[in-house]
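A structural walkthrough
Here are the chains, one letter per residue:
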Amino acid sequence: MADRVAQIVVKQIVERTLEPIFLPDSYGYRPNKSALDAIGVTRERCWKYDWVLEFDIRGLFDNIDHTLLLRAVRKHVKCEWALLYIERWLTAPMQLEDGTRVERTRGTPQGGVVSPVLANLFLHYVFDVWMTRGHPDLPWCRYADDGLVHCRTEAEAVAIKAALAARFAECQLEMHPDKTKIVYCKDGKRRSSYPNTKFDFLGYGFRPRVVRDRKSKRVFTSFGPQVSASSLKAMRQKVRELNLRKHTHVRLADIAQKLNPLLQGWLNYYGRYCPSAMYPMWKYINATLVAWAMRKYKRYAGRKIQAGQMIGSIAIKRPRLFVHWRQGKVGAFA
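To keep things clear, this report deals only with the structure shown in the data block. (Residues numbered from 1 in each chain as written. Predicted model: local features only at pLDDT ≥ 70, side-chain atom pairs only at ≥ 80, totals over all residues. Heavy atoms only, no water.)

In contact at an axis separation of 10 Å, helix α1 (residues 2-18) and helix α5 (residues 80-91) are set at 125 degrees when each is read in the N-to-C sense. Here α1 is positioned oblique relative to α5, judged by the angle of their axes. You can see that α1 and α5 cross each other, and the crossing is left-handed. On the side of α1, the interface is formed by Asp3, Ala6, Gln7, Val9, Val10, Ile13 and Val14, while α5 contributes Trp81, Ala82, Tyr85, Ile86 and Trp89. Among the residues forming the contact of α1 with α5, the class breakdown is 10 nonpolar, one polar and one charged. (Axes fitted to C-alpha atoms, helices over the stretch in contact; angles between N-to-C directions. Helix = DSSP H or I, 4+ residues; strand = E, 2+ residues; numbered from the N terminus. Parallel < 35°, antiparallel > 145°, perpendicular 65-115°, else oblique. Left-handed = near helix turned anticlockwise from the far one by under 90°. Contact = heavy atoms within 4.5 Å. Nonpolar A, V, L, I, M, F, W, Y, C, P; charged D, E, K, R; others polar.)

Below, the discussion takes up the sheet that holds strand β8 (residues 204-212). Strand order in the open sheet made by the three strands is β7-β8-β9, with antiparallel pairing throughout. Each edge of the open sheet carries a strand with a single partner, namely β7 (199-201) and β9 (219-227). If you compare each strand with its neighbour and ignore which way they point, the axes differ by 50 degrees on average. The strands touched by helix α2 (residues 35-48) within the sheet are β7, β8 and β9, with β8 carrying the most contacts at an inclination of about 55 degrees. (Pairing = 2+ DSSP bridges.)

Two numbers describe how helix α4 (residues 66-76) lies on α5: the axes approach to 11 Å, and their chain directions differ by 165 degrees. On the basis of the axis angle, α4 is roughly antiparallel to α5. Crossing geometry of α4 relative to α5 is assigned as right-handed. Within the contact between the two elements, α4 uses His66, Leu69, Leu70, Val73 and Arg74 and α5 uses Leu83, Ile86, Glu87, Leu90 and Thr91. Taken together, the residues of the contact of α4 with α5 sort by class into six nonpolar, two polar and two charged.

Membership of the largest hydrophobic core comes to 57 residues, with the highest contact counts inside it found for Phe199, Phe201, Leu259, Met278, Met281 and Phe322. If you tally residues by element for this core, the top one is helix α9 (residues 252-270), at nine residues. Apart from residues lying up to four places away in sequence, phenylalanine 199 is in contact with Thr42, Cys46, Val52, Glu54, Leu148, Lys181, Val183, Tyr204, Gly205, Phe206, Arg207 and Phe223. One finds Phe22, Ala72, Ala82 and Val117 within the second-largest nonpolar core, a separate group that totals 42 residues. (Core = buried A, V, L, I, M, F, W, Y, C linked by side-chain atoms within 4.5 Å. Buried < 20%, exposed > 50% of the residue type's maximum accessible area, 1.4 Å probe, protein only.)

Relative to the helices and strands, aspartate 128 is located in helix α6 (residues 115-134). Overall, the relative accessible area of 0% leaves aspartate 128 in the buried class.

A contiguous nonpolar surface patch, about 520 Å² in accessible area, is contributed by Met1, Val5, Val9, Trp81 and Tyr85. Put simply, the parts of the chain that give the nonpolar patch at least two residues each are α1 and α5. Among the structural elements, valine 9 can be located in helix α1. For valine 9, a relative accessible area of 36% corresponds to the partly exposed category. (Patch = residues over 30% accessible without salt bridge, like charges linked within 9 Å, V, L, I, M, F, W, Y side chains within 5 Å. Areas by Shrake-Rupley, 256 points an atom, 1.4 Å probe, with all protein chains shown as cover. Salt bridge = Lys/Arg side-chain N within 4 Å of Asp/Glu carboxyl O.)

Before going further, it helps to spend a moment on the packing of aromatic side chains. Going through the model one piece at a time under the given rule, you end up with 18 aromatic pairs. Summarising the aromatic geometry, the rings of tyrosine 184 and tyrosine 194 are spaced 4.7 Å apart at their centres and angled 55 degrees between planes, so their arrangement reads as tilted. Here tyrosine 194 lies in the loop between β6 (181-184) and β7 and tyrosine 184 lies in strand β6, a separation of 10 residues in the sequence. Given a relative accessible area of 5%, tyrosine 184 falls into the buried group. An angle of 90 degrees between the planes, with centres 4.9 Å apart, marks the rings of tyrosine 269 and tyrosine 270 as edge-to-face. Residue class for tyrosine 269 comes out buried when judged on its relative accessible area of 18%. Joined through ring pairs, the aromatic side chains of Phe55, Phe127, Trp140 and Phe168 make up one cluster. (Phe/Tyr/Trp six-rings, centres within 6.5 Å; stacked < 30°, edge-to-face > 60°.)

Quick look at the structure:
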C-alpha cells in the first residue's frame, strides 16, 4: 500500500510535466480525455478517409525497453527523487507465486499506478512524434497500445503498416499479427469490394450499417461505430456471473440496486453512438428477470409467457426501476 501511495505521488509530479508535451490524438490514461473522445474523432475520420490501418502492440507493458524509456524520462522529469523511484520500480525483480524472483530488464510494473503515464511517454516518441514528423498528412489516433492510422489508398495503408512494423522493431516492440489489419471503410458511396470492411476499437465495432437521415428520412449506408459483438458478449457474461436467476430470496428492487450501476455504465459508454445496437443487451436483461421470476414464484414455474407479462406490467408501472427502463428501452419480456 505504501508503494502504491508513492506511485500516485510520482504520477502526479510526472503527469504535470508530461501533459503539455503529449499530442492531442493520444487519448489513453490522460486527464480530460476519454475513450469516447477517441471514438468520436475516429468516426468522423472514417467518413473522410477510405482506408484505416488498425494496429495493436503485443504485450506493450511487458516489453518496454528500460534504456529507451529512462532516456525519455530523464529528458523531461527533473525531480531527482522521482527519477530514483521510477528507476527502482522499473528494475525491481518480479516475484512469482512459488517465491522465485525474476530479474527484469524490460517492461513496467504490472498494475502499477505510474505504468500508464510511462507507457504513454514511451509511445509518444516511438509512435506519436514519429508519425507527426514522417507522415504529417495522415491522421492517427492512439489509446495506449491500440491505434489507428487513416489512409487515402490501400497502397498507402500497406506502406504505413510496413514502416510502422519496422519502427516498432527498432524500439523492441512488435505489432500483434492477429489484431493488426487494413480495413476498407465501405459505405453507400464506396462500392468497391474488399475482404476487410470492419474493425473493433475500444469496445465499439466500426462497420457499414444502414441509417436513416433525421431530417430527410432518407435511408443510406454509413460507416460508423456501434457496440461490438465482443462487448455484448462480455456484458452478458458479466450478468451471468452475478447468478441473479438463483437469487430468489431477494426482491426485484434488490436486483435493480445490484444491476443498475453496471447498466448505467454500459449505457453511458455504449449508448453514445448507435444506442439501438444495445437492444440485444436490454432484451437479455429482461430475459434474466423473467427467469428469476419463474424461479421465485411457484405460480410462474415453467410459464415463461405469464412471467414475462408480470415483469412487463412492473416495467409499465415502475419505469424507473431499471436503468434501461428509464430510457424507454423496455424491450421484450417473453
